[in-house]
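# Analysis of the macromolecular model
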Amino acid sequence: MDEKEIETFSNYLQNEGFFCDPRDIKYAFEEGSHFTAEEKESLFRLDIIGVNNKRAEKTLKNKNLIEYEDINMYVASPEDTIANKLFFGSEQDIKDAESIYIRKLNDLNHDYLNNLCEEIGVLNELNDIKKEIKLIRKDKK
C-alpha cells in the first residue's frame, strides 16, 4: 500500500470504531509483520497482515468465512493463526497462540499445523505449547 492507501485504510478503520494509527500500518507493511486495530467499544481486536510472502499467501488461501455481529468476513484458519503468532513471537502473540490452541484443540488439523510450523521454523515453539498443555492437564487429574 502506498501512503495515500494507508491513510484511507486507517481512516476507514477509525470511522468504523477502531483505534488505528497509520504509522503502525506503514511500519507493519514495511517490515512484513502485522498491526492490530482494536474496536473502541468492545476491544475486539483485528490483527491485520499484508499478503507479501508465501506464508501470507498460504494463510489467505486457507481462510475461513465467519459471521460476526451480522457481518460475514474472512479470517485466517486457527492453524495458520497459531503458526503466524508463533512466527511473530511477541509475548502477546505467544499468549494468543496458546489460547487458540487450547480452545480449538479438538478441531485442529494437527498434521497441517505441525508441517506449517516446521516449514516456517517455529515447530519448537509449538511443541513447547503442547508440553505446557500436557502438564496442565496432568496437574488437573
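The preceding data block contains the structure.
Presented here is a report on the structure given in the accompanying data block. Model, not experiment: these values are computed from the prediction.

## A word on the overall build of the chain
Summing up its helical and strand segments, the chain has 7 helices and 5 strands in all. Reading the helices (α) and strands (β) of the chain from amino to carboxyl end gives α-β-α-β-β-α-β-β-α-α-α-α. Along the first, second and third principal axes, the C-alpha set of the chain runs to 55 × 30 × 25 Å. Buried positions account for 31% of the 141 residues belonging to the chain. The contacts of the chain with a sequence gap of at least 6 include a subset with a gap of at least 24, amounting to 40%. Summed over its atoms, the accessible surface of the chain is roughly 9600 Å², and 49% of this surface lies on carbon and sulfur atoms. Computed over 21 positive and 31 negative side-chain charges, the inter-centroid distance for the chain is 7 Å.

## Considerations on the layout of surface pockets
One way to see where empty space is left: roll a probe the size of a water molecule over the atoms. The calculated volume of the largest pocket comes to roughly 1600 Å³. In terms of lining residues, the largest pocket is bounded by 38 residues, among which Leu 46, Asp 47, Tyr 74, Val 75 and Ala 76 are the most central. Of all the secondary-structure elements, those providing two or more residues to the lining of the largest pocket are α1 (3–15), β2 (34–39), β3 (45–49), α3 (54–61), β4 (64–68), β5 (71–75), α4 (78–88) and α5 (91–104). By residue class, the composition of the lining of the largest pocket is 21 nonpolar, 7 polar and 10 charged.

## Observations concerning the side chain of Thr 59
For Thr 59, the location among the structural elements is in helix α3. Judged by its relative accessible area of 10%, Thr 59 is buried. Setting aside residues up to four positions removed in sequence, Thr 59 forms contacts with Ala 76, Asp 80 and Asn 84.

## Observations regarding the environment of Asp 111
Within the element layout of this structure, Asp 111 appears in helix α6 (residues 110–120). Relative accessible area serves as the criterion here: at 58%, Asp 111 is assigned to the exposed category. In this structure the C-alpha to C-alpha distance between Asp 111 and Ala 97, which are 14 residues apart in sequence, comes to 17 Å.

## What about the sheet that holds β3?
Taken in spatial order, the 3 strands of this open sheet run β1-β2-β3, and their pairing is antiparallel. The open sheet has two free edges, formed respectively by β1 (18–19) and β3, since each of these has just one partner strand. The pairing of β2 with β3 spans 5 bridges and is antiparallel. Bridging across to β3, His 34 finds its partner in Ile 49. Sheet strands in contact with helix α2 (residues 22–31) are β2 and β3, and its direction is about 150 degrees off that of β2.

## Thoughts on α5
An ideal rise of 1.5 Å per residue puts 20 Å on 14 residues; α5 measures up with 20 Å between its terminal C-alpha atoms. Taken together, the buried positions of α5 are Asp 93, Asp 96, Ala 97, Glu 98, Ile 100 and Tyr 101.

## Quick word on the pattern of salt bridges
All chains considered together, the criterion is met by 9 salt bridges. Glu 119 is the partner of Lys 58 in a salt bridge, and the nearest nitrogen-oxygen pair spans 3.0 Å. One end of the pair, Lys 58, is in helix α3; the other, Glu 119, is in helix α6, and 61 residues separate them in sequence. For Lys 58, a relative accessible area of 25% gives the class partly exposed.

Quick notes on the rules
- Residues numbered from 1 in each chain as written.
- Predicted model: local features only at pLDDT ≥ 70, side-chain atom pairs only at ≥ 80, totals over all residues.
- Heavy atoms only, no water.
- Helix = DSSP H or I, 4+ residues; strand = E, 2+ residues; numbered from the N terminus.
- Buried < 20%, exposed > 50% of the residue type's maximum accessible area, 1.4 Å probe, protein only.
- Contact = heavy atoms within 4.5 Å.
- Areas by Shrake-Rupley, 256 points an atom, 1.4 Å probe, with all protein chains shown as cover.
- Lys, Arg positive; Asp, Glu negative; His and termini not counted.
- Charge placed at Lys NZ, Arg CZ, Asp CG, Glu CD.
- 1 Å grid on protein atoms, 1.4 Å probe; cavity = no way out; pocket = protein on both sides within 12 Å on 5 of 7 lines; lining within 4 Å.
- Points joined across faces, edges and corners; volume = space filled by probe spheres on them.
- Nonpolar A, V, L, I, M, F, W, Y, C, P; charged D, E, K, R; others polar.
- Pairing = 2+ DSSP bridges.
- Axes fitted to C-alpha atoms, helices over the stretch in contact; angles between N-to-C directions.
- Expected span 1.5 Å × (residues − 1).
- Salt bridge = Lys/Arg side-chain N within 4 Å of Asp/Glu carboxyl O.

Geometry only, nothing functional implied.
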